[in-house]
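# Architecture and fold: a report
So you can see what is in the structure, the chains are spelled out below.
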Amino acid sequence: MLDHDSRLPEAAITAPSSVVALVDAASRVERELIGNWLAEGGIAQEFGLTAPVTQLDLDPGAVGTRLVGRHDDPLVVPVRVLWLPPERDGVRRTTFSDLLTLTNPRKPHPIMQRRLINKAPDRHLVLTGQPARLSELRANNPGSAGAPDAFARAIVRAGIVALERAERAVIGDRYKVPRLVVEEILDSPEFLRRLDAIAAETGTPAREVYRRAEKALRELVAAQSRLVSDLFTQAMRPVHASTWKVDADETGLDRLRTLNRTHPLVFLPSHRSYVDAFVLGDILARNDFPPNHVVGGANLKFWPIGPIARRTGTVFIRRSFGDDEVYKAVVEEYFAYLLAKRFNLEWYFEGGRTRTGKLRPPRYGLLNYLAAALRSARIDDVMLVPVSITYERLNEIGAIADEQTGGSKQAEGLTWLASYVRNQQHSAGHVYVRFGQPLSARDRLAALGDPLAAGPSETDGEAAETTDAEHLAVQRLAFEVAVGINDVTPITVNALTTLVLLGVHERALTRGELRTAIGPVLGYIENRDLPRGELDTLRDDHGLAVVLEQLAVAKVVTVYRGGLEPIYSINPGAHLEAAFYRNSAVHWFVNRAILELAILTAVEAPEGDQLRVGWEAAYRLRDLLKFEFFFPERAEFTSQLTAEMLLVDPDWHRRTAAGTVGADILARLAESGFIMAHRVLRSFFDAQLVVAERLAARDPALPVDRKEFGDECLLVGKQMLLQQRLHSPESVSSELFGSAIKLADNHGLLTPSSDPADLAARRSRFAAELRAIGGRISRAATLDPSNRMEAL
């Protein structure tokens, strides 16, 4: 009942005069088993004690009546019977076949218990939890003086927790589940004082505040079940196991397992699919990690998934708290409780699945609650784990692409679930799960001095009431998580294939031409030692043919076989799907693309100004793309871009001593065998151009309704595409327009100004700047050997 390493606390080494066995028994059979064990000297054998033993039910009433008021100092030992599933292949785990007995193997009914005692004696054992002296229990509950009922409940909770720990030593950490969470939180003096303060501040009767808090807790707290966890894992495993070959980072798992012994972990995965949580959860369960408490959206709360998910650890949190101070207090307390008890958490900090394939901007609300738990000193530290989950092919991206062009999102429900599961029943290659470098939340949040100074408040999932320092610290922390995810995200065969095919405007390529275009990129990837999937497949004609045929089956690539040999191109209706695959790895090539455009800008300037103009252009491009990608501080960005330049021209430093970029720099870019600007950045700048031109055409005196304006951009974007003013359908995306609108707002181009003429002029300059960038991207495309027929 205390967290000691040895079975017997130091205080108990001075032999106690008596022992109280707190018996946790749910049936007569269990009472008999425990009674016989005690009568046969079980306590003496377990702890080497000869003191007399008294049995007492592990129940607040019995404990309060017969233990709390005692004046001696007995040793208190919790005892229960542990029932085990049958062993199969060395593993004891409940399966659906066990349910044929109409009983839970971990909690068999009394008739089955009798049978198991006689026919399968290895299926049960009498278990004791860590003991403690009654005086130690009082010392651990200083608020118990004068509150015997609360002390009795605290003893019962301590006994149950001690027995749960003892059980996990037998059945494994994957079965670590919290017990009596609501009761323990509602007995917390600190939490009750906070509720009293809310009652006083709002003028609400304290009893009503308590009632609302208990209701919110019971709505929020995940009621985990070992049986449901076992069965749900088995039921959902085929959804991904029959579709993807899981490739997990074993080294990362070993590192995290060691870290988890001393710290709670918060897994923060990229979010590309509904099955992300199942894939990650299955990997962790197979590696004996305790189950994560997964923070989920209310859209997946429908029957039967919602009730089942709650019993496997899903925490359904409201999307918006409004001014509900009670709910805010409950969420903060629950988060602090879980972290203090070292339960692992998991949430998708992008706020939803990516619609483009790359990471979305992070949402900060839940990170603010984590910061609050640290600030309150409820926990010492928590380790944040960036997790990259990357699929070679994903069956749901057709629906995602449809949403991006104005289609409506299908509501989640039983019909949707049946359709989703049905669509997963064919092979889709690998899913790569990689774990980034764990981040100490305390170290990062303390790096800016003392940012943990004010409590968080959520509206629409985002924190509102934070100090500037804390807000900045949480933003920096989220940025580091995003970078950590990107740093371990592998480049897949489909990402690289679509990267090449999307960069060839209105042309189909033979496999030989594709290999010629892919070869230099593979060399670049190897030179930089970037994480990658099965990319060697693309060097072989047969392997490349298999990849292309699989993309053709997925209707991303179209194949023409009527000529001399098959030729391949992006399916006319699948540019957004192809871009989704490409964008999973696009961040690895952004700096190269910026470098190319900066060089093209520099060569337009007089020789003495070329370096300055080139760097200014690079910094400006970084600023224009800051809502799409995660860029480091300027000094680090400068260093990264210089490293990219040295890959193009190893003599860069010597050649630029005179302040010029060199007359042959464009030839050197072309000689590298690939150009990235048009493959990587064109769709983002085309989307920005649509937004900029629509703003330039608007009356600067009128306010801008963002949703209405976004819809207008979709419609006009489709028109510009038909007029060939945009290069590709992937530019016409509500997600890209949303980011472009944020950029325009950041540059002060959305809100009506007191000087309409100045605003109109700035909007026009913005549109002109983006047209100029588009022109340079088109020029970069002409340098790409893949776009020059004679080069092939």
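None of the values given here were measured: they were computed from a predicted structure. (Residues numbered from 1 in each chain as written. Predicted model: local features only at pLDDT ≥ 70, side-chain atom pairs only at ≥ 80, totals over all residues. Heavy atoms only, no water.)

This part covers helix H5 (residues 110-119). Three or more residues of H5 are buried, namely Met112, Gln113 and Leu116. Summarising the axial view, the buried residues of H5 lie within an arc of 105 degrees, below the 170-degree limit, and thus occupy one face. H5 presents Ile111, Asn118 and Lys119 as exposed residues on the side facing more than 90 degrees away from its buried surface. (Buried < 20%, exposed > 50% of the residue type's maximum accessible area, 1.4 Å probe, protein only. Helix = DSSP H or I, 4+ residues; strand = E, 2+ residues; numbered from the N terminus. Arc of directions from axis to C-beta.)

This next bit is on the packing of aromatic side chains. Overall, the coordinates contain 13 aromatic pairs when judged by the stated rule. Ring centres of Phe629 and Phe684 lie 5.2 Å apart, and the angle between their planes is 75 degrees; on these two criteria the pair is classed as edge-to-face. Of this pair, Phe629 sits in the loop between helix H26 (610-624) and helix H27 (634-648) while Phe684 is found in helix H31 (residues 682-696), placing the two residues 55 residues apart along the sequence. No difference in accessibility class separates Phe629 from Phe684, as the two residues are buried. By way of ring pairs, the aromatic residues Trp615, Tyr619, Phe629, Phe631, Phe637 and Phe684 are connected into one cluster. Against the face of Tyr327 rests Arg318, its NZ or CZ located 3.8 Å from the ring centre. (Phe/Tyr/Trp six-rings, centres within 6.5 Å; stacked < 30°, edge-to-face > 60°. Lys NZ or Arg CZ within 6 Å of the ring centre and 35° of its normal.)

Right, let's talk about the packing of helix H21 (residues 493-502) against helix H24 (residues 575-583) for a bit. Interaxial distance between H21 and H24 falls to 7 Å at its minimum, and their mutual angle equals 130 degrees. Considered as vectors, H21 and H24 are oriented oblique to each other. Viewed along their axes, H21 and H24 form a crossing whose handedness is left-handed. Along the contact surface, H21 presents Asn494, Ala495, Thr498, Leu499 and Leu502, while H24 presents His575, Ala578, Ala579, Tyr581 and Arg582. Residue composition of the contact of H21 with H24, by class: six nonpolar, three polar and one charged. (Axes fitted to C-alpha atoms, helices over the stretch in contact; angles between N-to-C directions. Parallel < 35°, antiparallel > 145°, perpendicular 65-115°, else oblique. Left-handed = near helix turned anticlockwise from the far one by under 90°. Contact = heavy atoms within 4.5 Å. Nonpolar A, V, L, I, M, F, W, Y, C, P; charged D, E, K, R; others polar.)

Our next topic: the pairing of strand S3 (residues 75-83). In terms of burial, S3 is largely enclosed, as nine of its nine residues are buried. Here S3 shows a buried face lined by Leu75, Val77, Val79, Val81 and Trp83 and a second buried face lined by Val76, Pro78, Arg80 and Leu82. With six bridges connecting them, strand S1 (residues 19-24) and S3 associate as parallel partners. Within S3, the position partnered with Val23 by the bridge is Val79. Sheet topology places S3 next to strand S7 (residues 132-133); two bridges connect them, and they run antiparallel. Across the sheet, the residue bridging to Leu75 is Arg133, located in S7. (Pairing = 2+ DSSP bridges.)

Attention now goes to the side chain of Arg355. Mapped onto the elements of the fold, Arg355 is located in the loop between strand S12 (345-346) and helix H16 (365-375). Polar contacts involving the side chain of Arg355 include one to the main-chain carbonyl oxygen of Arg353, which spans 2.8 Å. (Polar contact = N/O pair within 3.5 Å; in protein donor to acceptor, adjacent residues only side chain to side chain.)

Let us look at the nonpolar core. By size, the foremost hydrophobic cluster in this structure holds 125 residues, and its most contacted members are Leu496, Phe589, Ile594, Leu681 and Phe685. Among the elements that line this core, the one with the most residues is helix H25 (residues 590-602), at nine residues. Filtering out sequence-adjacent residues up to four positions away, Ile594 remains in contact with Ala618, Leu621, Arg622, Leu625, Phe631, Phe637, Leu641 and Leu681. (Core = buried A, V, L, I, M, F, W, Y, C linked by side-chain atoms within 4.5 Å.)

Right, let's get into unusual backbone geometry. Positive phi is not limited to glycine here, since Asp529 has a value of about 55 degrees. Within the element layout of this structure, Asp529 appears in the loop between helix H22 (511-528) and helix H23 (541-553). Judged by relative accessible area, Asp529 falls into the exposed class, the value being 59%. Even without being a glycine, Gln724 presents a positive backbone phi close to 60 degrees.

Turning to the pattern of salt bridges, a few remarks are in order. When the charged atoms of two side chains lie near each other, side chains of opposite charge can form a pair. This structure, assessed with the given rule, holds 49 salt bridges. We note a salt bridge from Arg80 to Glu167, for which the minimum N-O separation is 2.7 Å. Placement of the pair is Arg80 in strand S3 and Glu167 in helix H7 (residues 148-171), with a sequence separation of 87 residues. Note on accessibility: Arg80 and Glu167 belong to one class, buried. (Salt bridge = Lys/Arg side-chain N within 4 Å of Asp/Glu carboxyl O.)

That is the geometry; function is a separate question.
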